[in-house]
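Descriptive analysis of the structure
These are the residues of each chain, in order.
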Amino acid sequence: MSLASEIREVAGRYPSSTSAVLPALRLAQQRYGWLSREAFEEVADALYLTPAYCMSVASFYDMFHLEPVGEHMVEVCTNVCCGIVNAQAVLEAFERELGIAPGETTSDGAVTLRAVECLGGCSTPTIVAVDHRYRQSVTPDDVPGIVEELRSG
Amino acid sequence: MAETTIGAEGTPLVLAGALEEPLRDLASYRAVGGYAQLEKARATSPHDVTEQLIQSNLRGRGGAFFPAGRKASFIPTPDKVAKPIYLTVNADESEPGTFKDREIMLRVPHRLIEGCLIAAHAISSKHVFIYIRGEYSAEYQVLEAARIEAEAAGLMGDVTMVVHRGAGAYICGEETALLESLEGKRGQPRSKPPFPAIQGLYASPTLINNVETIATVPKVLEVGPETFAEIGAPPDSTGTRVFCLSGNVVRPGAYEAPHGITARHLIYDIGGGIADGRELKAVMVGGSSFPVMVPSELDTALDANSLGQKGLFIGSGVVTAIDDRTCIVQFALRVAQFYMHESCGKCTPCRVGTRWLVQILRAVEDGSATDNDLETLLDVCDRIIGKCLCVLGDSAAMPVASCVTNFREEFRAHLEHGGCPLGADSSLAGLFAPVDQHSHTPVPQEVPV
Ligand SMILES: Cc1cc2nc3c(=O)[nH]c(=O)nc-3n(C[C@H](O)[C@H](O)[C@H](O)COP(=O)(O)O)c2cc1C
Ligand code: SF4
Ligand code: FES
């Protein structure tokens with residue numbers, strides 16, 4: 001199915017098609033990895049909006065990528081409940097293992113590392129979302145294994 | 001990989017039947033009496049259902065503790081409005097320390113759906129939206145699968161239900177920002193009035209409730225409103241809460257217990273006490289948006305009135321134990337950074353004030369501030385609290401002010417010591433806040449082709 005028809009199908013669930021902007025941007029990002037100018041144009045056309053409007057919405061939300069990102073996404077919670085247990089050590093282990101700082105992508109384009117706010121898994125710190133799946137109770141010792149998994153997978 | 005610990009004290013309501021294994025499919029939910037209350041509710045008048053909610057004194061579990069039945073009664077009846085009536089469920093759960101709605105959706109998704117359909121009947125709504133935070137993928141899949149199953153079983157009647165995914169913005173948990181976001185806009189709060197009950201989604205009457213509130217509704221009908229009203233700490237804090245216990249405790253987890261158990265009981269008896277033989281220093285109660293509790297207040301009952309007498313809040317049922325390895329200045333700084341990152345920017349005291357809080361706290365933390373700056377910090381808090389369009393501003397200022405007031409000596413010690421006296425031993429030393437990335441988008445050195 002084309003992106004446009006997928007978007008129109010989703011838009012049909014709402015009383016007003018503008019409500020489908022977030023789902024539409026999500027679909028576009030799933031397809032292309034990030035939201036390019038062209039992606040915004042496709043989304044805008046499918047919903048009868050302007051690309052500028054869609055961009056203004058996308059830029060408000062943390063999960064939309066306005067520039068290219070790595071093939072895999074590693075997001076480490078650094079809010080207080082994980083923080084007071086071991087979040088900083090876990091984040092540093094990822095930095096060492098990947099050779100990049102939070103906010104960066106490895107030079108081969110394989111992995112992007114991000115520090116993020118509370119992911120809603122505070123009783124099993126530290127929470128790391130790997131490609132949007134939660135890993136619970138991650139310790140620095142788990143980090144080499146997770147990176148290995150990503151590099152081989 | 002450790003799973004979340006789930007437990008209960010007394011008879012669980014929201015998590016009933018799901019403590020051992022999740023009740024994800026329709027058959028297993030039906031086996032514990034699922035959807036029987038929906039049938040019962042649909043056989044009575046909408047007004048009757050609302051009356052039962054009022055009688056039970058079920059209050060909102062999302063943070064504001066507003067009586068759920070009264071809120072439902074504000075929705076005009078269909079004969080009074082020409083517009084559709086909407087029910088919107090708040091599953092945006094992003095308050096630091098909160099993970100109960102996630103457990104409810106993973107363990108008893110059908111109880112949430114049954115609650116939605118009962119609440120929809122109470123306000124004669126045919127359209128339900130569940131706004132779930134964008135980061136919740138597994139939760140979305142479980143909930144959507146349950147919705148499809150319920151629909152296939154003919155349980156929806158003439159009601160349509162859409163599970164709508166957010167995209168990463170704490171402020172979209174604020175009810176009017178949620179509505180804006182659901183309309184396909186940037187998630188910036190609206191000024192109230194008009195309240196959503198009169199002009200909510202697409203300017204139509206809209207009821208908004210938290211996941212836990214709605215998932216409690218079938219149980220209110222099952223045990224009966226009079227019985228429900230006697231559970232917990234009546235008359236105001238009725239029923240149970242799924243408390244979110246986290247931090248430096250031996251057994252963190254989601255524990256359903258009646259309102260009114262003490263923080264001490266939750267942390268020490270249920271949670272096994274402070275981990276690694278450390279001392280308790282402070283407790284984040286309700287969420288990061290509220291003043292912190294100090295150890296001398298541990299015997300306070302976890303209900304709205306008892307907490308209120310101490311200037312504390314029940315919020316979303318958070319109890320995070322903070323031990324003596326934590327620098328309280330760094331804690332306040334990290335909390336302030338969160339609100340600065342999440343401020344929607346619509347009003348000045350919050351947009352600018354949260355930045356000031358972070359700047360001053362940074363200077364205190366590295367020891368470059370002066371005694372005067374502590375007064376300025378409290379002054380900035382004062383200029384934020386009660387002066388913003390939504391409660392996010394207060395949520396930044398209240399915890400910071402309470403840290404300064406309760407731990408003034410520790411703040412001073414940073415100034416005298418020229419930095420954190422705990423040094424690298426502080427559990428929060430050097431903690432990286434995403435706000436420091438200055439960019440919502442990681443940029444690769446070389447764009448891979
Ligand atoms: C900044 C901010 C964030 C909020 N986040 C949430 C949230 O994630 N989930 C929630 O249920 N309520 C949240 N609320 C409270 C909602 O505005 C609203 O009071 C609640 O959803 C109503 O449901 P209830 O009456 O069942 O609690 C938030 C409020 C503010 C000011
Ligand atoms: S208080 Fe903050 S989050 Fe709320 S409307 Fe104002 S700027 Fe936006
Ligand atoms: S603080 Fe890390 S998941 Fe909540």
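Residues numbered from 1 in each chain as written. Chains lettered and ligands numbered in written order. Predicted model: local features only at pLDDT ≥ 70, side-chain atom pairs only at ≥ 80, totals over all residues. Heavy atoms only, no water.

Comments concerning helix α1 (residues 3–11) of chain A
All names here are of chain A. So the rule is basically this: A simple rule labels every residue: compare its accessible area, found with a 1.4 Å probe on the protein chains alone, to the largest value its type can have, and call it buried under 20%, exposed over 50%, or partly exposed in between. Every helix listed is a DSSP run of H or I at least four residues long, and every strand listed is a run of E at least two residues long, numbered separately from the N terminus. This arc corresponds to the set of directions leading from the helix axis out to the C-beta atoms. Working rule for contacts: check all heavy atoms of both residues, and any pair within 4.5 Å makes them a contact.
Listed in full, the buried residues belonging to α1 are Leu3, Ile7, Val10 and Ala11. For α1, the buried positions fall inside an angular range of 100° around the axis, keeping them on one side. Here the buried face of α1 lies against α2 (21–32) and α3 (37–47).

A few points about the packing of aromatic side chains
Inclusion rule: Pairs were defined over the aromatic rings of Phe, Tyr and Trp, the Trp ring being its six-membered one, requiring ring centres within 6.5 Å. Orientation was assigned from the angle between planes: stacked under 30 degrees, edge-to-face over 60, tilted for the rest. Two limits define a charge over a ring: the Lys NZ or Arg CZ must be within 6 Å of the ring centre, and within 35 degrees of the ring normal.
All chains considered together, the criterion is met by 12 aromatic pairs over all chains. Three or more aromatic residues joined by ring pairs form one cluster here, namely Tyr14 of chain A together with Tyr86, Phe129 and Tyr202 of chain B. The ring of Tyr136 of chain B carries the charged tip of Arg133 of chain B above its face, separated from the ring centre by 5.4 Å.

Section: the site of ligand 1
Residues and elements named next belong to chain B. For clarity, the threshold we go by: The near set for a molecule or strand comprises every residue that places at least one heavy atom within 4 Å of it. In protein, a polar contact means a hydrogen-donor-capable atom and an acceptor-capable atom, both N or O and within 3.5 Å, with residues adjacent in sequence counting only if both atoms are side-chain atoms; elsewhere, any N or O pair within 3.5 Å suffices. Where accessible areas are quoted, they stem from the Shrake-Rupley method and a 1.4 Å probe; at the residue level, only the protein chains shown are allowed to cover. Nonpolar residues are Ala, Val, Leu, Ile, Met, Phe, Trp, Tyr, Cys and Pro. Charged residues are Asp, Glu, Lys and Arg, and all others, Gly as well, are polar.
Not every one of the 19 residues close to ligand 1 is listed here, only the nearest: Gly62, Asn90, Asn209, Asn210 and Thr213. A distance of 3.3 Å separates an oxygen atom of ligand 1 from a polar backbone atom of Arg61. Contacts to ligand 1 include Asn210, whose side-chain N or O atom sits 2.7 Å from an oxygen atom. If ligand 1 stood free it would expose 610 Å²; the protein chains cover 90% of that surface. The element that contributes the greatest number of residues to the shell around ligand 1 is strand β5 (residues 206–210), accounting for three residues. Its residues assigned to classes, the shell around ligand 1 comprises five nonpolar, eight polar and six charged.

Regarding the environment of Gly423 of chain B
Residue and element names in this part refer to chain B. Summarising the element assignment, Gly423 is placed in the segment after α17 (408–417). Gly423 sits in the partly exposed class, given a relative accessible area of 31%. With 96 residues separating them along the chain, Gly423 and Cys327 place their C-alpha atoms 9.0 Å apart.

Some points on the side chain of Thr320 of chain B
Position of Thr320 of chain B among the secondary structure elements: in strand β11 (residues 318–323). At 3.0 Å, the side chain of Thr320 of chain B forms a polar contact with the side chain of Ser246 of chain B. Residues contacting Thr320 of chain B, with those up to four places away along its chain left out, are Cys81 and Ile84 of chain A together with Gly97, Ser246, Gly247, Ala282, Val283 and Met284 of chain B.

As for the packing of helix α14 (residues 348–365) of chain B against helix α16 (residues 392–406) of chain B
All names here are of chain B. To keep things clear, this is the line we draw: Working convention: axes come from line fits to C-alpha atoms, limited for helices to the stretch in contact. Angles between N-to-C directions cover 0 to 180 degrees. Angle categories are assigned with fixed cut-offs, so that under 35 degrees is roughly parallel, over 145 is roughly antiparallel, 65 to 115 is roughly perpendicular, and the rest are oblique. The crossing is said to be left-handed when, going from far helix to near helix, the turn is anticlockwise and less than a right angle, and right-handed when the turn is clockwise.
Their axes nearest at 9 Å, the elements α14 and α16 cross at an angle of 20°. Classified by the interaxial angle, the pair formed by α14 and α16 is roughly parallel. Along this stretch, α14 crosses α16, giving a crossing that reads as left-handed. Residue-level contacts link Cys350, Thr354, Leu357 and Leu361 of α14 to Leu392, Gly393, Ala396, Ala397 and Val400 of α16. Counted by class, the contact of α14 with α16 contains seven nonpolar, two polar and no charged residues.

Details of the interface of chain B and chain A
Our working rule: Between Lys or Arg on one side and Asp or Glu on the other, a salt bridge is scored when a side-chain nitrogen of the former is within 4 Å of a carboxyl oxygen of the latter.
Taken together, the contact pairs 71 residues of chain B with 56 residues of chain A. Between the two partners, chain B and chain A, sit one salt bridge. In this structure, Glu117 of chain A and Arg334 of chain B form a salt bridge, with 2.8 Å as the shortest nitrogen-oxygen distance. On the surface where chain B and chain A come into contact, there are 22 residue pairs in polar contact (both at pLDDT 80 or more).

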